[in-house]
Amino acid sequence: MSHEPELTEDWEYTLQVPSDPMAPCIARRTLRTIFEEHGFLELADTAELLTSELVTNAYRYSDGPASVRVKREGDRVRVAVWDTNPRLPALEGVTLPDAEAEGAEQGRGLGLVQWCADSWGGFALRDQPQGLVGKLIWFELGAKAANTG
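Residues numbered from 1 in each chain as written. Predicted model: local features only at pLDDT ≥ 70, side-chain atom pairs only at ≥ 80, totals over all residues. Heavy atoms only, no water.

### Regarding the packing of helix H2 (residues 41-61) against helix H3 (residues 109-116)
Consideration 1: For the pair H2 and H3, the least separation of the axes is 9 Å and the interaxial angle reads 150°. Our classification of the angle between H2 and H3 gives roughly antiparallel. Seen from above, H2 lies across H3 with left-handed handedness. Between H2 and H3, the residues in contact are Thr 46, Leu 49, Leu 50, Glu 53 and Leu 54 and Gly 109, Leu 110, Leu 112, Val 113 and Cys 116, respectively.
Consideration 2: Of the residues in the contact of H2 with H3, the class split is seven nonpolar, two polar and one charged. (Axes fitted to C-alpha atoms, helices over the stretch in contact; angles between N-to-C directions. Helix = DSSP H or I, 4+ residues; strand = E, 2+ residues; numbered from the N terminus. Parallel < 35°, antiparallel > 145°, perpendicular 65-115°, else oblique. Left-handed = near helix turned anticlockwise from the far one by under 90°. Contact = heavy atoms within 4.5 Å. Nonpolar A, V, L, I, M, F, W, Y, C, P; charged D, E, K, R; others polar.)

### Some words on helix H1 (residues 23-37)
Consideration 1: With 15 residues, H1 ought to run about 21 Å at 1.5 Å a step, and its terminal C-alpha atoms sit 21 Å apart, in line with that.
Consideration 2: Listed in full, the buried residues belonging to H1 are Ala 23, Pro 24, Cys 25, Ala 27, Leu 31, Arg 32, Ile 34 and Phe 35.
Consideration 3: For H1, the secondary structure elements touched by its buried residues are strand S1 (11-17), H2, strand S2 (66-73) and strand S3 (76-83).
Consideration 4: Phi for Gly 39, located one or two positions after H1, is positive at around 80°. (Expected span 1.5 Å × (residues − 1). Buried < 20%, exposed > 50% of the residue type's maximum accessible area, 1.4 Å probe, protein only.)

### Re the packing of aromatic side chains
Consideration 1: One pass over the full model with this rule turns up three aromatic pairs.
Consideration 2: Between Trp 11 and Phe 40, the ring centres sit 6.4 Å apart and the planes meet at 70°, which makes this aromatic pair edge-to-face. Residue Trp 11 is located in strand S1, and its partner Phe 40 is located in the loop between H1 and H2; the two are separated by 29 residues in the primary sequence.
Consideration 3: Residue Trp 11 is classed as buried on the basis of its relative accessible area, which comes to 9%.
Consideration 4: Judged by centre distance (6.5 Å) and plane angle (75°), the rings of Phe 35 and Phe 40 are edge-to-face.
Consideration 5: Judged by its relative accessible area of 5%, Phe 40 is buried.
Consideration 6: Aromatic ring contacts, followed pair by pair, group Trp 11, Tyr 13, Phe 35 and Phe 40 into a single cluster.
Consideration 7: Of note, Arg 78 hangs over the ring of Trp 138, and the distance from its end group to the ring centre comes to 3.8 Å. (Phe/Tyr/Trp six-rings, centres within 6.5 Å; stacked < 30°, edge-to-face > 60°. Lys NZ or Arg CZ within 6 Å of the ring centre and 35° of its normal.)

Quick look at the structure:
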């Protein structure tokens, strides 16, 4: 049930998730639906994986809710995950752990984001006018395909 994307039509969705172990699953399924319905099925698997990693980190390392924002701008889709913990993880020198190493299932999330996303980053939110604190980690998909065509 996929549609061809219309490049002139940008869109945006925001999903609020509680601090709950089901949050990554709900976020994955929601992202899959958004990407399928807007004709970006070829990016859905990667978007699901990366969003799941970021929402899992939000659940593990913050004590409050999180939100997932999905926004299309032209040929790119940006996914941003906000959580209540203002401590920003190291964004430089992130690597994928050796799959054979003990504990390889831990600490791989940002490595996957760096490896799979076309671009990514993050920043801490402090002293915002709306009183919002925490951090925002984002990634973009689609830019590589557009630049190689």
